[in-house]
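# Structural description and commentary
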Amino acid sequence: SSFARASVAAAAGKPAGEGAGQGGGSEGKLDAALQNFYNKESLRAVSFPTPPPGAVPFDVIFVHICSLAWDDVRAVGLENHPLWQRFDVVLTRFNSASSYSGPAAIRVLRATCGQTSHAGLYSPVPDRCYLMDSLKRSGFEPNLVMNHDGHFDDFLKLLQIQGKLTVPAMPLNGIPVAQHAFDDSPVFDDLAVLSRWLDTRQKDGVPRVAAYYNTISLHDGNHLVGPDSNRNSLDTYKIRLTRLFDDLDKFMQKIESSGRRAVVVMVPEHGAALRGDKMQIPGLREIPSPAITLVPVGIKVVGPNLRREGDSLRIDAPTSYLAVSQIVARMLAKSPFAGDSFAPSDYANELPTTDFVSENEGMVVMRRDNRYYLRQGNDGWAEYSGSLPAAGGNDGQIGLDGKSGH
């Protein structure tokens, strides 16, 4: 592979629960390990500096994608899509920690603090934990963009209340409809929505913007507009994912040709569970298994005449939202646009690692000693016996060199 392998170690050795000699099995040990995880996470935070005076301004764009995990990418054979080549940093073992959209949105909008329990998502947290609020304090104007109306499950309200993203969503009037959701509401064309945002951005004169873009183009139950409208959403997943990847690729090219500078962060919410496993039928996401919450995260620095030094970085260590916040914080402190080239390793080495703990209401999946354990309600722990990604660094293995998928 042409990808440089980043050796990313936790600041203090191995993440808890991954070390030898910590037997996974017994109930008490697993309960203690989970509590220990929460205790440690509650102490972790990344603070965003204010860019130094005279620093070259740039935007930060978070692309939050519903229904995309590594397992889905592999299921439809898109491991070698050209989009992977475009990213400067790819996190192959990023855990989104939730298998539903609402909790995942709260988690990404609280990306500057360590991982809380599912119940903790609905309690207030310190100001420093809110991603968009923190960026605002660092001089970025928050923007909210979606390719849907946000009414389902009160998604828009959740972003505003639990995520403290209190700006109005960009209007979608006149944008082409690409799909209809399961409730027949319109799902707008991704490239058209993002292009309108970019056109608006060109005119607003604000030095720095932090945009949160939410897309439901891959959502289960969507129907395409046009000749494939009668096909079910499982049949059209590959078509829709190819289109989304193509659109993101074109969007980054558009930013580049516009002369703007931006850091694009692609973070999926959770997977589509296209394949299912022994414990859950395809499409069911009640158990937040690794096949659903290990999602592909890519970061791209886009700017006119900007050159990347060396290869893209591929991070195989277990990470979560804190790692993304750390990369952004380093870019605020030392802009990748300061010269005519930048090195991804300046921003993505020695990222904070995060043990695998995923949750829904009443469900916890935790990784210990290369095994996954499931706790349902108060029923105690059992080894999770669904089909699992390979242990070790291959949880998100893809052919990132564009030649092979080994």
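Located above this text is the structure these notes cover.
This report concerns the structure included in the present document.

The rules we used
Residues numbered from 1 in each chain as written. Predicted model: local features only at pLDDT ≥ 70, side-chain atom pairs only at ≥ 80, totals over all residues. Heavy atoms only, no water. Helix = DSSP H or I, 4+ residues; strand = E, 2+ residues; numbered from the N terminus. Buried < 20%, exposed > 50% of the residue type's maximum accessible area, 1.4 Å probe, protein only. Contact = heavy atoms within 4.5 Å. Areas by Shrake-Rupley, 256 points an atom, 1.4 Å probe, with all protein chains shown as cover. Disulfide = S-S within 2.5 Å. Polar contact = N/O pair within 3.5 Å; in protein donor to acceptor, adjacent residues only side chain to side chain. Expected span 1.5 Å × (residues − 1). Pairing = 2+ DSSP bridges. Axes fitted to C-alpha atoms, helices over the stretch in contact; angles between N-to-C directions. Salt bridge = Lys/Arg side-chain N within 4 Å of Asp/Glu carboxyl O. Core = buried A, V, L, I, M, F, W, Y, C linked by side-chain atoms within 4.5 Å. Arc of directions from axis to C-beta. Lys, Arg positive; Asp, Glu negative; His and termini not counted.

## Observations regarding the overall build of the protein chain
The helix and strand inventory of the protein chain stands at 11 helices and 17 strands. Looking at the protein chain as a whole, 58% of its 406 residues qualify as buried. Within the protein chain, residue pairs in contact and separated by at least 24 positions form 76% of the contacts whose partners lie at least 6 positions apart. In the structure as shown, the protein chain presents an accessible area of about 15900 Å², 51% of it carried by carbon and sulfur atoms.

## Some remarks on the state of the cysteines
Put plainly, two cysteines are in a disulfide when a covalent bond ties their sulfur atoms together. The full count for this structure, using the stated rule, is one disulfide. Cys-113 shares a disulfide with Cys-129; S-S distance 2.0 Å. What sets the handedness of the Cys-113 and Cys-129 disulfide is the S-S torsion sign, and at about -75° it is left-handed. Placement of Cys-113 in the loop between helix 4 (101-109) and helix 5 (131-137) and of Cys-129 in the loop between helix 4 and helix 5 is noted, with a sequence separation of 16 residues between them. A relative accessible area of 10% places Cys-113 in the buried class.

## Here's the deal with the environment of Tyr-100
Along the polypeptide, Tyr-100 turns up in the loop between strand 3 (89-95) and helix 4. The class of Tyr-100 is partly exposed, set by a relative accessible area of 33%. Sequence spacing of Tyr-100 and Ser-67 is 33 residues, and the spatial spacing of their C-alpha atoms is 8.9 Å. Within polar-contact distance, the side chain of Tyr-100 engages the backbone nitrogen of Glu-286 at 3.5 Å.

## Observations concerning helix 8 (residues 237-258)
At 3.6 residues per turn, the α-helix brings residues three or four places apart onto the same side. Between the first and last C-alpha of helix 8 there are 31 Å, a value that for 22 residues agrees with the 32 Å anticipated at 1.5 Å per step. Among the residues of helix 8, those classed as buried are Tyr-237, Arg-240, Leu-241, Leu-244, Phe-245, Asp-247, Leu-248, Asp-249, Phe-251, Met-252 and Ile-255. Looking one or two residues past helix 8, Gly-259 carries a phi angle of roughly 85°, positive in sign.

## Considering the sheet that holds strand 16 (residues 371-376)
Hydrogen bonding along the main chain pairs the strands of a sheet, whether they run parallel or antiparallel. Ordered in space as 14-15-16-17, the four strands form an open sheet in which the pairing is antiparallel. Looking at strand neighbours, the two that pair on one side only are strand 14 (357-360) and strand 17 (381-383), the edges of this open sheet. On average, each strand axis in the sheet is inclined to that of its neighbour by 20°, with strand direction left out of account. By the bridge criterion, six bridges tie strand 15 (residues 363-368) to strand 16 in an arrangement that is antiparallel.

## What about the pattern of salt bridges?
Inspection of every chain in the model, using the stated rule, returns 17 salt bridges. As a salt-bridge pair, Asp-59 and Arg-201 come within 2.7 Å of each other at their nearest N and O atoms. With a gap of 142 residues between them, Asp-59 in strand 2 (residues 59-65) and Arg-201 in helix 7 (residues 190-204) connect regions that are remote in the sequence. Take Arg-201: its relative accessible area is 1%, and that puts it in the buried class. One salt bridge in this structure joins Asp-204 and Arg-201, with 2.5 Å as the shortest N-O distance. Here Arg-201 and Asp-204 lie together in helix 7, a separation of three residues that amounts to about one turn. Exposure remark for Asp-204: the relative accessible area of 33% places this residue in the partly exposed category.

## Observations regarding the nonpolar core
Core analysis: the largest hydrophobic core is formed by 53 residues, its most contacted members being Phe-62, Met-132, Leu-135 and Tyr-212. With nine residues, the top contributor of residues to this core is helix 10 (residues 321-333). If we skip the residues at most four places from it in the chain, Phe-62 touches Leu-131, Met-132, Leu-135, Ala-211, Tyr-212, Tyr-213, Val-265, Val-324 and Val-328. Counting residues in each nonpolar core, the second largest holds 48 residues, with Tyr-213, Met-252, Ile-287 and Met-363 among its members.

## Description of the sheet that holds strand 6 (residues 186-188)
If you walk across this open sheet you meet the three strands as 6-5-8, and the pairing is antiparallel. Looking along the sheet, the strands with just one partner apiece sit at the ends: strand 6 and strand 8 (223-224). Sheet analysis places strand 5 (residues 177-180) next to strand 8, joined by two bridges and oriented antiparallel. Note that in strand 8 the partner of His-180 across the bridge is His-223.

## Some points on helix 1 (residues 27-41)
For helix 1, built from 15 residues, the straight-helix expectation of 21 Å at 1.5 Å per residue is met to within 8% by its first-to-last C-alpha distance of 21 Å. Within the span of helix 1, buried status applies to Leu-30, Ala-33, Leu-34, Phe-37, Tyr-38 and Glu-41. On an axial view of helix 1, the arc spanned by its buried residues comes to 135°, and they lie on one face.

## Digging into unusual backbone geometry
Most of the time, phi is negative for any residue but glycine, and the peptide bond is trans. Although it is not a glycine, Lys-164 sits at a positive phi angle of roughly 55°. Look at Lys-164 and you get partly exposed, because its relative accessible area is 30%. Located in the positive-phi region is Asn-305, a residue other than glycine, with phi close to 55°. Mapped onto the secondary structure, Asn-305 falls in the loop between strand 10 (294-302) and strand 11 (307-308).

## Description of the side chain of Arg-208
With respect to the secondary-structure elements, Arg-208 resides in the loop between helix 7 and strand 7 (209-215). Although Arg-208 lies buried, it forms no salt bridge, and the closest oppositely charged side chain, Asp-59, sits 7.6 Å away as judged by the N-O distance.

## Comments concerning the pairing of strand 14
The alternating pattern of strand 14 places Val-357 and Glu-359 on one face and Ser-358 and Asn-360 on the opposite face, and all of these are buried. Taken together, the four bridges between strand 14 and strand 15 define a ladder with antiparallel strand orientation. By the bridge assignment, Asn-360 is partnered in strand 15 with Met-363.

Interpretation in functional terms is not warranted from these geometric data alone.
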